[in-house]
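Architecture at a glance
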4 protein chains.
Amino acid sequence: MKTRDKIIHASLKLFNERGERNITTNHIAAYLKISPGNLYYHFRNKEDIISSIFLLYESHLDSGFQPYMGQEVSLELLVGYFDTMFETLWEFRFMYDNLTDILTRDEAVLKRYQHTQQQALNRSSHILSKLREDGVLAIEQEQITPLADTMRMIACFWIGYKQTHSINATITKASLYEGLLRVLMIFKAHATPESQGTFTRLEQHYQAMANTCFMPNLDVHSLAS
Amino acid sequence: MKTRDKIIHASLKLFNERGERNITTNHIAAYLKISPGNLYYHFRNKEDIISSIFLLYESHLDSGFQPYMGQEVSLELLVGYFDTMFETLWEFRFMYDNLTDILTRDEAVLKRYQHTQQQALNRSSHILSKLREDGVLAIEQEQITPLADTMRMIACFWIGYKQTHSINATITKASLYEGLLRVLMIFKAHATPESQGTFTRLEQHYQAMANTCFMPNLDVHSLAS
Amino acid sequence: MKTRDKIIHASLKLFNERGERNITTNHIAAYLKISPGNLYYHFRNKEDIISSIFLLYESHLDSGFQPYMGQEVSLELLVGYFDTMFETLWEFRFMYDNLTDILTRDEAVLKRYQHTQQQALNRSSHILSKLREDGVLAIEQEQITPLADTMRMIACFWIGYKQTHSINATITKASLYEGLLRVLMIFKAHATPESQGTFTRLEQHYQAMANTCFMPNLDVHSLAS
Amino acid sequence: MKTRDKIIHASLKLFNERGERNITTNHIAAYLKISPGNLYYHFRNKEDIISSIFLLYESHLDSGFQPYMGQEVSLELLVGYFDTMFETLWEFRFMYDNLTDILTRDEAVLKRYQHTQQQALNRSSHILSKLREDGVLAIEQEQITPLADTMRMIACFWIGYKQTHSINATITKASLYEGLLRVLMIFKAHATPESQGTFTRLEQHYQAMANTCFMPNLDVHSLAS
DNA sequence: AATGAATGAGCATTCATTCAT
DNA sequence: AATGAATGAATGCTCATTCAT
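Residues numbered from 1 in each chain as written. Chains lettered and ligands numbered in written order. Predicted model: local features only at pLDDT ≥ 70, side-chain atom pairs only at ≥ 80, totals over all residues. Heavy atoms only, no water.

A separate point is the overall build of chain A. A tally of regular secondary structure across chain A gives eleven helices and zero strands. Its C-alpha atoms put chain A at 65 × 40 × 35 Å along the principal axes. Within chain A, the proportion of its 225 residues that are buried is 53%. Counting only contacts in chain A whose residues sit at least 6 apart along the sequence, the fraction spanning at least 24 positions is 64%. Accessible surface, chain A as shown: approximately 10500 Å² in total, 53% of it carbon and sulfur. Within chain A, the 25 negative side-chain charges are centred at a point lying 8 Å from the centre of the 22 positive side-chain charges. (Helix = DSSP H or I, 4+ residues; strand = E, 2+ residues; numbered from the N terminus. Buried < 20%, exposed > 50% of the residue type's maximum accessible area, 1.4 Å probe, protein only. Contact = heavy atoms within 4.5 Å. Areas by Shrake-Rupley, 256 points an atom, 1.4 Å probe, with all protein chains shown as cover. Lys, Arg positive; Asp, Glu negative; His and termini not counted. Charge placed at Lys NZ, Arg CZ, Asp CG, Glu CD.)

In structure tokens:
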């Protein structure tokens, strides 16, 4: 891997593990066993590194949220989207510990972040619309975007929420699934009576996933069954 | 006002306006035109100032969330609680820009914060239970606490969310009402058919309130009518 | 006791226990539950307090080192002097942790200290002379002052020496007697053959004293026997 | 010279001249016309600088106190040791102005210091034993270590003693020779009658050295004659 | 590409001392 | 005599960034 990419990935790793505020450019250089000067050869400044990490974030989100023109809307598809979102959140969780602060510092990053988020929201709303048309959701058209937004919000702040409001502050994959179940709960509240069962099955699936985090050797096919 | 209180309020103001990480003790002293030594005469250190602000936060929350022994549960009462929460969040919004970081630094504050939040959650759950018994909410008993928790979560992170995900990042009272409406939306999703109308009226009330922010001279009695 | 004296004695106590450098004027005031302003009403500054402690030190030394015109020189008398010195050292031990530093800061105190020390040295030399005349010490007249000086030096720096060169750094009365025995060792090296026995008895006495520190209830008459 | 070494030597110089407590890291940086940041690039903190100075001290002492396997014990050899000790003390005299304080602050340095001192003491005792076997010293075997210890003590605190107890507080090489003569005095007190002459000659030698300090151009062969 | 020494403004904090009351 | 709030220069130290090599 090129030095530039090494710096991005080391920074991301260290930021996630110990918080962006606690990681200096010298920490990153020392971790990679390169000189601080070399780090600044590849990046103008620390903000520039963060900006590059956001670029990575954006492409993760974009590639995981591909629209699905023409395909039939399935719950699996929708869940695929949420899987993507939660995985992205895990990968870039340092951002969500400190989102306001980071975005306030760099106007350009803020704009790009908002654009990416807006696109993700549009796609989510589009899917919710289809689910409504298909009789899965009992919801008025004008409530669709607010609902998508609420779900996104819970996803975005779940990590920060867990870290501050739960006794055990360490974030794990299991605690992320807990967040997913919370989103599903809201989803289910808007489900038509006929689709309640489907949502129940989804819940059971993710509950199993959360449990699996502690039993990693089990092969999981809970949804398929 | 006593110097000690001046320091607390100036800190709160500056933290809210420019972020806690960007405000040094010297900034606070300079803003108040007192010496850094004087600031440290009144507070052991910066953490101590923050701790005192949290004390203020806790008493705001506690006094606004008085239990209502004996009274009849009304939507108005519940809404009063949310009004309190949203106003408190506004007053102490700097915390939510950086909650993980702040709470990680001071174990004692973390414990107190979590205790306060737990009590607020208990009271919310209690009210939801009553609403369920009164046939207002169609929700299983075991879903009550998760629902209360979700609503709290949206309340807690609404400001941070707005600040980072909306184009116009400036937080106003109107944008807080927007958050309130979002919570109501979730609420309404669990309403029994008979109480749908009540929730609709509530929505209209808060919508009016939000609009009034731009027309402050109008006397508002939207709920009464 | 008057506030002024309370300040002197509290300062002495705190300096001895925790080191002069580690005790601020605010510490002293807080310990006495008086205001810093009051402390500065009684003393111009910290140096002034230290100067007053030195005054106390000087009078201790002077009163314990009264010349003994006319009396017969006895070993008991001499030992009385060393008892005084060691007790004074114990009482004012903070000085000897940091003597250079303290005396460098205040010219006037330095001069007074040196004067007091010179007088103590003169008296010691005078006694040694008599002991020589009485056939107790086998020493040339011109070696008398250097010998007195060496003994004083060991006395003065014993505490500092113990604190830095022994594994167990805590200073106790017992460790002071250890220093006394060291001085006696030098003394004995200059004893005439006839007086060796007397010095041996002295050593046994102080050895017993050192042991007594751990058995405080025993009545000690080791010298008398 | 490398910056790191410059910092060590400048610190040593400034500490010796003005006392360690009175020299801040900023003083050192200013003296060397480097930035405080640069100083902290080379040293973790002030303790780290002091620790490095102690390393220097230890190697000075170790290299000057090489054991002398097989050689015949001569007074010259012994005196060589004391020369080393006194010169080392001169070079690092700031330590002895404040030894308790400095060693109390850093456990690791204390341990190393005590180890170095213990080794020096062992070697001194070993030499004294040989001198006793050779009929130079009239001393019981069990008194050897206390004697070595006493001599070391005088050496260690001579500078501090002179600085505080003599009218002319400025330390010179001549005043160091005075300390050496003091140690010799104790030594001589334990000499056998046959070796008294040798010690007298030694005294004369060092007396001459002390005088030479004021006549630096004279070639000194006082011992040889 | 890379090194690593160097910068310097800034930070949280301390403490002897002052002063209005 | 005494209070206690206030001062302000100073301290040890940090860290994003620069630059000669």
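So, next bit.
Here we come to the protein's contact with DNA strand E. In the region of DNA strand E, 31 residues are neighbours, and Gly37(A), Thr24(B), Tyr40(B), Gly37(D) and Tyr41(D) sit closest. Backbone atoms, meaning sugar and phosphate, make up 64% of the atoms of DNA strand E lying within 4 Å of the protein. Residue Asn38(D) places a side-chain N or O atom 3.0 Å away from a sugar or linking oxygen belonging to DNA strand E. The separation between a phosphate oxygen of DNA strand E and a polar side-chain atom of His42(D) is 2.7 Å. Of all the secondary-structure elements, those providing two or more residues to the surface near DNA strand E are helix H3 (36-42) of chain A, helix H2 (25-32) and helix H3 (36-42) of chain B, helix H3 (36-42) of chain C together with helix H3 (36-42) of chain D. Residues that form the surface near DNA strand E fall into these classes: eight nonpolar, 20 polar and three charged. (Near = heavy atom within 4 Å. Polar contact = N/O pair within 3.5 Å; in protein donor to acceptor, adjacent residues only side chain to side chain. Nonpolar A, V, L, I, M, F, W, Y, C, P; charged D, E, K, R; others polar.)

What follows is about empty space enclosed by the protein. Residues and elements named next belong to chain A. Tallied over the full model, the rule gives 15 cavities of 30 Å³ or more. Quantified by volume, the largest cavity comes out at close to 140 Å³. Around the largest cavity sit 13 residues that line it, and Phe65, Phe82, Met85, Ser124 and Ala148 are the ones nearest its centre. Elements with a minimum of two residues in the lining of the largest cavity: helix H5 (75-91), helix H8 (107-133) and helix H9 (144-165). Broken down by element, the residue count for the lining of the largest cavity peaks at five residues, all from H8. Looking at the lining of the largest cavity residue by residue, the class counts come to eleven nonpolar, one polar and one charged. (1 Å grid on protein atoms, 1.4 Å probe; cavity = no way out; pocket = protein on both sides within 12 Å on 5 of 7 lines; lining within 4 Å. Points joined across faces, edges and corners; volume = space filled by probe spheres on them.)

This part covers the relation of the copies chain B and chain A. Each copy superposes on the other: chain B lies on chain A with an RMSD of 0.4 Å after a rotation of 177 degrees and an axial shift of 0.1 Å. Overall, the copies show the geometry of a two-fold rotation axis. By residue overlap, the copies meet face to face through one surface: 97% of the interface positions of chain B are interface positions in chain A. (Least-squares fit on C-alpha atoms with pLDDT ≥ 70 in both.)

A few words on the packing of aromatic side chains. All names here are of chain B. This structure, assessed with the given rule, holds 42 aromatic pairs over all chains. Here tryptophan 158 and tyrosine 161 contribute two aromatic rings whose centre-to-centre distance is 5.9 Å and whose plane-to-plane angle is 45 degrees, an arrangement assigned as tilted. One end of the pair is tryptophan 158 and the other is tyrosine 161, both in helix H9 (residues 144-165) and three residues apart, which spans about a single turn. Across this residue pair, the class does not change: tryptophan 158 and tyrosine 161 are buried. The ring of tryptophan 90 carries the charged tip of arginine 93 above its face, separated from the ring centre by 3.9 Å. (Phe/Tyr/Trp six-rings, centres within 6.5 Å; stacked < 30°, edge-to-face > 60°. Lys NZ or Arg CZ within 6 Å of the ring centre and 35° of its normal.)

On to the interface of chain B and chain A. Each partner contributes residues to the interface: chain B has 34 residues there, and chain A has 34 residues. Of the roughly 3300 Å² buried at the junction of chain B and chain A (both faces included), carbon and sulfur atoms supply 59%. For the pair chain B and chain A, the interface holds two salt bridges. Between Arg182(B) and Asp149(A) there is a salt bridge, with its nearest N and O atoms 2.7 Å apart. If you look at where chain B meets chain A, you find 15 residue pairs in polar contact (both at pLDDT 80 or more). Those elements that place two or more of their residues in the side of chain B that touches chain A are helix H7 (99-105), helix H8 (107-133), H9 and helix H10 (173-189) of chain B. The dominant element in the side of chain B that touches chain A, judged by the number of residues it contributes, is H9(B), at 15 residues. For the side of chain B that touches chain A, the per-class residue count stands at 16 nonpolar, 13 polar and five charged. (Buried area = accessible area lost by both parts, 1.4 Å probe. Salt bridge = Lys/Arg side-chain N within 4 Å of Asp/Glu carboxyl O.)

Here the focus is the interface of chain D and chain C. One widely used convention gives an interface's size as the accessible area the parts lose upon coming together. Opposite the 34 residues of chain D that make contact, chain C presents 34 residues. Between chain D and chain C, a total of about 3300 Å² is buried, with carbon and sulfur atoms accounting for 59% of that surface. At the boundary of chain D with chain C, the tally comes to two salt bridges. Elements represented by at least two residues in the side of chain D that touches chain C include exactly helix H7 (99-105), helix H8 (107-133), helix H9 (144-165) and helix H10 (173-189) of chain D. Looking at which element gives the most residues to the side of chain D that touches chain C, the answer is H9(D), with 15 residues. A per-class count over the side of chain D that touches chain C returns 16 nonpolar, 13 polar and five charged.

What follows covers the nonpolar core. Grouped together as the largest cluster of nonpolar side chains are 141 residues, with contacts concentrated most on Phe187(A) and Phe187(B). When near neighbours in sequence (up to four residues on either side) are disregarded, Phe187(A) contacts Leu78(A), Phe82(A), Leu128(A), Leu131(A), Leu137(A), Met151(A) and Phe199(A). (Core = buried A, V, L, I, M, F, W, Y, C linked by side-chain atoms within 4.5 Å.)

Right, let's talk about the protein's contact with DNA strand F for a bit. Neighbouring residues of DNA strand F: 32 residues in total, closest Gly37(B), Asn38(B), Tyr41(B), Gly37(C) and Thr24(D). Asn38(C) is positioned with one of its side-chain polar atoms (N or O) 3.2 Å from a sugar or linking oxygen of DNA strand F. A distance of 3.2 Å is found between a phosphate oxygen of DNA strand F and a backbone nitrogen or oxygen belonging to Thr25(D). Among the elements of the structure, H3 of chain A, H3 of chain B, H3 of chain C together with helix H2 (25-32) and H3 of chain D are those that each provide at least two residues to the surface near DNA strand F. Among the residues making up the surface near DNA strand F, the classes are represented as nine nonpolar, 20 polar and three charged.

If you walk through the whole model with that rule in mind, you get 52 salt bridges over all chains. The closest approach of N and O atoms between Asp62(B) and Arg123(B), which form a salt bridge, is 3.7 Å. Remark: Arg123(B) occurs in helix H8 and Asp62(B) occurs in helix H4 (residues 46-64); sequence separation between them is 61 residues. By relative accessible area, Arg123(B) is classed as buried at 18%. Within this structure, Glu20(A), Arg21(A), Lys46(A), Asp101(A) and Arg105(A) form a network of salt bridges that share partners.

Residue and element names in this part refer to chain B. As for its placement among the helices and strands, glutamate 76 is situated in helix H5 (residues 75-91). Exposure remark for glutamate 76: the relative accessible area of 45% places this residue in the partly exposed category. Spatially, the C-alpha atoms of glutamate 76 and leucine 202 are 8.9 Å apart, while their sequence positions differ by 126 residues.

Take chain D, turn it by 177 degrees, move it 0.1 Å along the axis, and it overlays chain C with an RMSD of 0.4 Å. Comparing contact sets, 97% of the residues at the interface of chain D also lie at the interface in chain C, consistent with an isologous, same-surface contact.

Attention now moves to the arrangement of the chains. Separated without contact, chain A and chain C have their nearest C-alpha atoms at a distance of 32 Å. Separated without contact, chain B and chain C have their nearest C-alpha atoms at a distance of 11 Å.

Following the sequence through the fold, Asn98(C) ends up in the loop between helix H6 (93-96) and helix H7 (99-105). Its relative accessible area of 6% is what places Asn98(C) among the buried residues. If sequence neighbours within four positions are ignored, Asn98(C) has contacts with Glu20(C), Arg21(C), Arg105(C), Asp97(D) and Asn98(D).

Let's shift gears to the environment of Asp134(C). By the secondary structure assignment, Asp134(C) is in the loop between helix H8 (107-133) and helix H9 (144-165). Residue classification places Asp134(C) among the partly exposed residues on the basis of a relative accessible area of 47%.

Quick look at helix H1 (residues 3-18) of chain D now. Because each turn of an α-helix spans 3.6 residues, side chains separated by three or four positions end up pointing in the same direction. All names here are of chain D. The end-to-end C-alpha distance of H1 is 22 Å, a good match for the 22 Å that 16 residues give at a rise of 1.5 Å each. Among all positions of H1, only Ile7, Ile8, Ala10, Ser11, Leu12, Leu14, Phe15 and Asn16 are buried. Just beyond H1, the residue with positive phi is glycine 19, at close to 90 degrees. (Expected span 1.5 Å × (residues − 1).)

On to the confidence of the model for chain A. Summary statistics for chain A give a mean pLDDT of 87 and a share of 91% for residues scoring 70 or more. Low pLDDT, under 50, characterises residues 216-225 of chain A; the predicted model gives this stretch eight contacts beyond four residues in sequence or across chains. (pLDDT = per-residue confidence, 0-100.)

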